[in-house]
Protein chains: 2
Amino acid sequence: MSAIEGTGKPSLSTEAEIISKFLEPLTLGKDWAHGLRDDAACITPRTGHDLVLTKDALVAGVHFFADDDPRDIAAKALGVNVSDLVAKAAHPIAYLMALALPGDPLDGWLERFCSGFADAQSRWGGALIGGDLVATPGPLTISITAIGEVASGRMVQRGAGRPGDKVYVTGTIGDAALGLMLRRDPGSALAQDLDQDVREFLLDRYLRPDPPIGLIDILREYASAALDVSDGLAIDFARMCAGADCGGRIAVADIPLSDAARACVASRLIDLVGLICGGDDYEVLAAVPNNRSAAFEAAASSAGVALACIGELAPADEGVAFIAADGAKLDLGRGGYDHF
Amino acid sequence: MSAIEGTGKPSLSTEAEIISKFLEPLTLGKDWAHGLRDDAACITPRTGHDLVLTKDALVAGVHFFADDDPRDIAAKALGVNVSDLVAKAAHPIAYLMALALPGDPLDGWLERFCSGFADAQSRWGGALIGGDLVATPGPLTISITAIGEVASGRMVQRGAGRPGDKVYVTGTIGDAALGLMLRRDPGSALAQDLDQDVREFLLDRYLRPDPPIGLIDILREYASAALDVSDGLAIDFARMCAGADCGGRIAVADIPLSDAARACVASRLIDLVGLICGGDDYEVLAAVPNNRSAAFEAAASSAGVALACIGELAPADEGVAFIAADGAKLDLGRGGYDHF
């Protein structure tokens, strides 16, 4: 389409060059992409499968730092979308990307950005099949539509849990919230107090989401409900409960924490509420019927996916609560689910 | 995900309200959308069909005017995507939308914006099935992924034409380029010289794309190649030829012009090159094998789709040319295909 003033796209030669030099290799030669030389992609769905589609947008200065390593920006942009697919038990098969660029980007930046996508998609599956390049007077904005595949009717929904279901979370919670604090203020007390390797671990957890791909088929087999933990365990657990019209309890002592996060809590650099209400974990929160929980745990263990049982769903009249070790209900304040 | 400073989304209560009050009605209750209350949409593809996916992003101040009627912004955002689907012979079935909002929007604006989508999707088909709402310090940015359906293997490609194929275009060309001139500079000589109804016609052609939905099945049946005319007939015809590795000739006198555009050319407010190189037509450019052209024309006529035969594809060594009435090759300058 035409720009109303100046240019609505990077210059045409730049656009053609970006596509052929940087983006086309990300298609891995997949037919669906038509070499990014048509106006649309074309997916031939496998018989007996549904397509799961998710769309998360990221804005420089809002969802990532404009001066983050472009490889990390790419990994995060794809990772947050793949994280949604994983929680729905869908295998990533393809993605489309609209890039709004605040000027003709430097080759070096684009090369690193696209190599970030190449690495990420080789780790998680899928390939680029289409998208759009536009110019913006605003910040770099990346909108990705990721497409996954699941056996027909088997997408795991957010709100299909039942009272009595056990609640599980993968990995560890709260590291990314600490990583964001470090990234935001590298001169903070937090940063001064931590060893270099601990800082690097936490930053990595914030900058480079690593959704538990190994859990996809296991979720499809055992989970009654699931979503990814992206806005904080507190809010995302409340969403799981609200979707199912039920209540639920999380035992705070059972929430898996990394050694680094435990050390930060011990040093009072953050409290448990901060970890629970922080976002960007990109772990999976799942509900599993009680009589399937042992098999679920065994399957996850075989697949090498770290998993912790942290609570259970309950009847609606019991409400939604995070229970501390002393039996008291944790006050989650503004970061919690109360203001839903 | 977390915002790095301040908020990465409209306030949570605002987000929930926008979804339930304005966006959820656009799902038309379709199962695929899960009421926009899950992290992903789930499409069950019809057996024997491919899914066609296209993704166009629009930025305020670049692709539309920030003070355009929000109903028009919506119609354009969906229209430019539907236009791609139509040219690929795919019926629109669903779309996802990521909205990057420069602040909590006013209810009145959102209401008009969403009623624009409601009207557009009822005209063209499909429903909202998912998306994302984020905050941006930059301009309003709308990224849509539109999904269409076509019988397996029957997507009409941009670059599958053959020398000898007749070349057709729907509707009229260049009105939107004039409409953009009027929208950009309402006090211009152009605006002063035209009657009110002519101005309104041209503005409407720019602001409200109207892709020829009635041609979808006919394209699938008869076209060897097609794309929508979005960046200007000159460039888009060059793309059709380049994709097929062939040449082609357009007879400029056969390019369909509206009475309004003819009057503007007669008054020297614009020349033919301006019409041919202007964008935003959102008509279909199609190639049809010679022996199928009569049937194609008859089918389009029965469907009430205005269509003109404007040229033909040719061997590569004949090059790509727009031929004026006097037999001379039109010089398309910078707006043409020469700088591809």
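Residues numbered from 1 in each chain as written. Chains lettered and ligands numbered in written order. Predicted model: local features only at pLDDT ≥ 70, side-chain atom pairs only at ≥ 80, totals over all residues.

Engineer: Mind showing me how you'd approach the overall build of chain A here?
Structural biologist: Each helix and strand counted, chain A has eleven helices and eleven strands in total. Relative to the compact-globule value of 20 Å for 340 residues, chain A shows a C-alpha radius of gyration of 21 Å, a close match. Relative to its 340 residues, chain A shows a buried fraction of 54%. (Helix = DSSP H or I, 4+ residues; strand = E, 2+ residues; numbered from the N terminus. Rg over C-alpha atoms; globule rule 2.2 N^0.38 Å. Buried ≥ 20, exposed ≤ 12 C-beta atoms within 10 Å, placed from the backbone.)

Engineer: So what exactly am I meant to see when it comes to the domain arrangement of chain A here?
Structural biologist: Many structure descriptions define interface size as the accessible area lost when the parts assemble. All names here are of chain A. For chain A, the assigned domains are domain 1 (12-151) and domain 2 (166-331). Once you take the C-alpha centre of each, domain 1 and domain 2 turn out to be 27 Å apart. The partner domain 2 presents 17 residues to the 17 residues of domain 1 that form the contact. Put simply, the parts of the chain that give the side of domain 1 that touches domain 2 at least two residues each are helix 2 (70-87) and strand 5 (141-151). Broken down by element, the residue count for the side of domain 1 that touches domain 2 peaks at ten residues, all from helix 2. (Domains from an automatic or database assignment. Contact = placed C-beta atoms within 7 Å.)

Engineer: Explanation requested: the interface of chain B and chain A in the structure shown.
Structural biologist: Listed by partner, the interface residues are 67 residues for chain B and 66 residues for chain A. Looking at the side of chain B that touches chain A, the element that brings in the most residues is strand 2 (residues 49-59) of chain B, giving nine residues. Considered class by class, the residues forming the side of chain B that touches chain A number 30 nonpolar, 24 polar and 13 charged. In this structure, strand 1 (residues 41-43) of chain A lies alongside strand 2 of chain B, joined through three bridges in antiparallel fashion. Along strand 2 of chain B, the bridge assignment pairs A:I43 with B:L51. (Nonpolar A, V, L, I, M, F, W, Y, C, P; charged D, E, K, R; others polar. Pairing = 2+ DSSP bridges.)

Engineer: What am I meant to see in the environment of B:G108 here?
Structural biologist: Residues and elements named next belong to chain B. Structurally, G108 can be placed in helix 3 (residues 107-124). Residue classification places G108 among the exposed residues on the basis of 9 C-beta atoms within 10 Å. A C-alpha to C-alpha distance of 9.5 Å links G108 and P70, two positions 38 residues apart in sequence.

Engineer: What is the right way to read the relation of the copies chain B and chain A from this model?
Structural biologist: Under the fitted operation, chain B is carried onto chain A by 0.0 Å of movement along the axis and a turn of 180°, and the coordinates agree to an RMSD of 0.0 Å. The transformation relating the two chain copies, once decomposed into turn and shift, fits a two-fold axis. Proximity to the rotation axis, assessed at the C-alpha, singles out B:G138 in chain B; its C-alpha lies 2.1 Å from the axis. When the interface residues of chain B are mapped onto chain A, 99% of them again fall at the interface, so both copies present the same face. (Least-squares fit on C-alpha atoms with pLDDT ≥ 70 in both.)

Engineer: Explain unusual backbone geometry here, please?
Structural biologist: In most cases, non-glycine residues show a negative phi, while peptide bonds are predominantly trans. Residues and elements named next belong to chain B. Phi at L28 is positive, roughly 55°, even though this residue is not glycine. For L28, the location among the structural elements is in the loop between helix 1 (12-23) and strand 1 (41-43). A residue is classified by how many C-beta atoms lie within 10 Å of it, and L28, with 14 of them, is partly exposed. Here the phi dihedral of R268 falls at roughly 60°; this positive angle occurs in a residue that is not glycine.

Engineer: Got a minute to help me understand the environment of A:V82 in this structure?
Structural biologist: Summarising the element assignment, A:V82 is placed in helix 2. In contact with A:V82, not counting residues within four places along its chain, are A:P92, A:W124, A:A146 and A:P211.

Engineer: What is the right way to look at the pairing of strand 3 (residues 91-101) of chain A in this model?
Structural biologist: Consecutive residues of a regular strand have side chains that alternate between opposite faces of the sheet. Residue and element names in this part refer to chain A. Most of strand 3 sits inside the fold, with eleven of its eleven residues counted as buried. Note: strand 3 against strand 5, nine bridges, orientation antiparallel. When the sheet's bridge partners are listed, A100 is paired in strand 5 with T141. With seven bridges connecting them, strand 3 and strand 4 (residues 128-135) associate as parallel partners. Counted as the bridge partner of A100 is V134 from strand 4. In this fold, the crossover linking strand 3 to strand 4 by way of helix 3 (residues 107-124) has right-handed handedness. (Right-handed = clockwise from strand over helix to strand, strands pointing away.)

Engineer: What is the right way to look at the sheet that holds strand 7 (residues 225-229) of chain A in this model?
Structural biologist: In a beta sheet, neighbouring strands are held together by backbone hydrogen bonds and run either parallel or antiparallel to one another. Residue and element names in this part refer to chain A. The strand order 7-9-6-10-8-11 describes an open sheet built from six strands, whose pairing is mixed. On the outer flanks of this sheet lie strand 7 and strand 11 (320-323), each paired with one strand and no other. Neighbouring strand axes in the sheet, compared pairwise and without regard to direction, differ in orientation by 25° on average. Looking at chain direction, strand 6 (residues 166-170) and strand 9 (residues 283-288) are connected through four bridges and run antiparallel. Considered in strand 9, the bridge of V167 is made with A287. Those strands touched by helix 2 are strand 7 and strand 9, and its axis lies near 165° from that of strand 7. Here helix 8 (residues 233-244) sits on the sheet and contacts strand 6, strand 7, strand 8 (247-251), strand 9, strand 10 (307-314) and strand 11; the angle it forms with strand 7, its principal contact strand, is near 155°. (Axes fitted to C-alpha atoms, helices over the stretch in contact; angles between N-to-C directions.)

Engineer: What's the story with the sheet that holds strand 4 (residues 128-135) of chain B in this structure? I'm lost.
Structural biologist: Spatially, the five strands line up as an open sheet ordered 1(A)-2(B)-5(B)-3(B)-4(B), and their pairing is mixed. Every interior strand has two partners, whereas the edge strands, strand 1 of chain A together with strand 4 of chain B, have only one. Looking at each pair of strands side by side, their axes are set apart by 20° on average, direction ignored.

Engineer: Is there a simple way to explain the nonpolar core in this structure?
Structural biologist: Burial of nonpolar side chains together is a common tendency in soluble globular proteins. Within the largest apolar cluster, 231 residues are counted, with the highest numbers of intra-cluster contacts made by A:L219 and B:L219. Not counting chain neighbours up to four residues away, the residues in contact with B:L219 comprise B:A89, B:V156, B:A226, B:V284 and B:A286. (Core = buried A, V, L, I, M, F, W, Y, C linked by C-beta atoms within 7 Å.)

Engineer: I keep staring at helix 2 (residues 70-87) of chain B and nothing clicks. Help me out?
Structural biologist: Residues and elements named next belong to chain B. Taking 1.5 Å of rise per residue, 18 residues should cover 26 Å, and helix 2 covers 26 Å from first to last C-alpha, within 8% of that figure. Within helix 2, 18 of the 18 residues are buried, leaving the element largely enclosed by the surrounding structure. A positive phi of about 70° marks A89, the residue just after helix 2. (Expected span 1.5 Å × (residues − 1).)

Engineer: Teacher, can you tell me more about the packing of helix 4 (residues 175-184) of chain A against helix 6 (residues 196-207) of chain A here?
Structural biologist: Residue and element names in this part refer to chain A. At a closest axis distance of 7 Å, the pairing of helix 4 and helix 6 adopts a crossing angle of 105°. In terms of axis orientation, helix 4 runs roughly perpendicular to helix 6. In contact with D175, A176, L178, G179, L180, L182 and R183 of helix 4, helix 6 contributes R199, L202, L203, R205, Y206 and L207. Tallied by class, residues from the contact of helix 4 with helix 6 come to eight nonpolar, one polar and four charged. (Parallel < 35°, antiparallel > 145°, perpendicular 65-115°, else oblique.)

Engineer: Which parts of the structure should I look at to understand the confidence of the model for chain A?
Structural biologist: Regions with low pLDDT carry predicted coordinates that are not meant to be interpreted in detail. Summarising the model, chain A shows a mean pLDDT of 93, and 96% of its residues fall at 70 or more. The complex model carries a pTM of 0.95, and its ipTM stands at 0.94. (pLDDT = per-residue confidence, 0-100.)

Engineer: I would appreciate a short explanation of the packing of helix 2 of chain B against helix 3 of chain B in the present structure.
Structural biologist: A pair of packed helices can be characterised by two numbers: the angle between their axes and the separation between those axes. Residue and element names in this part refer to chain B. Interhelical geometry of helix 2 versus helix 3 gives an angle of 35° and a closest axis separation of 7 Å. In the packing of helix 2 onto helix 3, the handedness of the crossing is right-handed. Contacts between helix 2 and helix 3 involve P70, R71, D72, I73, A74, A75, L78, G79 and V82 from the former and W109, R112, F113, S115, G116, F117, D119, A120, Q121 and W124 from the latter. Its residues placed into classes, the contact of helix 2 with helix 3 shows eleven nonpolar, four polar and four charged. (Left-handed = near helix turned anticlockwise from the far one by under 90°.)

Engineer: Where do I start with the environment of B:M97 in this structure?
Structural biologist: Residues and elements named next belong to chain B. Tracing the chain through its elements places M97 in strand 3 (residues 91-101). As for M97 and T145, which are separated by 48 residues in sequence, their C-alpha atoms are 6.4 Å apart. Not counting the four nearest positions on each side in its chain, M97 is found in contact with L128, G131, I142 and I144.

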